[in-house]
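# Observations on the three-dimensional arrangement
These are the residues of each chain, in order.
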Amino acid sequence: MAFNAMDGSGKGRLGPQDVDRVVDELASSLGVDPRSADAEAFRRGARHLHASLNKKLGRPESTEITEKDYVQAAESMSTAEIRAMVDPYVDGLFELIDTDDDGSITADEFAHHQTALGIDQDRATEAFSSLDSNGDGKLGKEEFRKYGRQFYQDTASDSAADNLTGRV
Ligand SMILES: [Ca+2]
Ligand SMILES: [Ca+2]
């Protein structure tokens with residue numbers, strides 16, 4: 001589920017520095033400079049996501065989040081709140097994966113991202129087909145957002161959307 005995917009260190013609590021580290025690691029593993037504009041947009045999205053969870057819980061925005069906090073916040077959010085929390089993050093991730101910046105993610109670009117996370121090729125291919133809902137062989141921003149929203153809304157431990165950021 002989403003919390004575990006973001007808790008790269010596995011320490012069970014996620015603070016702003018942990019969020020930054022996850023962003024740096026993901027950018028680096030994709031071969032993107034963590035200080036590039038795309039990576040910084042993704043970082044703003046990730047920080048916004050973290051702050052939104054705390055805001056929902058009525059706490060200062062840099063408070064460390066546990067899996068329990070995450071589930072409590074996410075489950076009490078409306079669909080509109082989930083979108084507002086997740087879309088900037090998912091859009092940032094989209095830009096990181098769309099390495100040629102043509103506005104869509106091809107199977108190759110997606111496979112590169114999944115491989116960087118240690119997900120095997122078969123699972124990546126399967127995931128790509130299930131996300132490409134109009135079957136045109138690429139993922140547009142809306143298809144990718146749908147995926148991201150599902151990933152962050154679904155607090156079950158075994159979700160179809162689980163390989164968004166790996167480490168599940
Ligand atoms: Ca592309
Ligand atoms: Ca498509």
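Use the structure listed above.
What comes next concerns the included structure. (Residues numbered from 1 in each chain as written. Chains lettered and ligands numbered in written order. Predicted model: local features only at pLDDT ≥ 70, side-chain atom pairs only at ≥ 80, totals over all residues.)

It is worth spelling out the packing of helix α6 (residues 107-116) against helix α7 (residues 121-131) at this point. Where α6 meets α7, the closest approach of the two axes is 9 Å, and the angle between their N-to-C directions is 135°. Compared by their axis directions, α6 and α7 come out oblique. Of the two elements, α6 crosses α7, and the hand of that crossing is right-handed. On the side of α6, the interface is formed by A107, F110, A111, Q114 and T115, while α7 contributes Q121, A124 and F128. When grouped by side-chain class, the residues that make up the contact of α6 with α7 number five nonpolar, three polar and no charged. (Axes fitted to C-alpha atoms, helices over the stretch in contact; angles between N-to-C directions. Helix = DSSP H or I, 4+ residues; strand = E, 2+ residues; numbered from the N terminus. Parallel < 35°, antiparallel > 145°, perpendicular 65-115°, else oblique. Left-handed = near helix turned anticlockwise from the far one by under 90°. Contact = placed C-beta atoms within 7 Å. Nonpolar A, V, L, I, M, F, W, Y, C, P; charged D, E, K, R; others polar.)

So, about the packing of helix α5 (residues 79-97) against helix α8 (residues 141-153). Between α5 and α8, the shortest axis-to-axis distance is 9 Å and the interhelical angle comes to 125°. Overall, the two elements α5 and α8 adopt an arrangement that is oblique. In terms of crossing hand, the pair formed by α5 and α8 is right-handed. Residues I82, R83, V86, D87, V90, D91 and F94 of α5 lie in contact with α8, whose contacting residues are K141, F144, R145, G148, R149, Y152 and Q153.

Before going further, it helps to spend a moment on the environment of V71. Looking at the secondary structure, you find V71 in helix α4 (residues 67-75). Sequence separation between V71 and Q153 is 82 residues, and the spatial gap between their C-alpha atoms is 9.0 Å.

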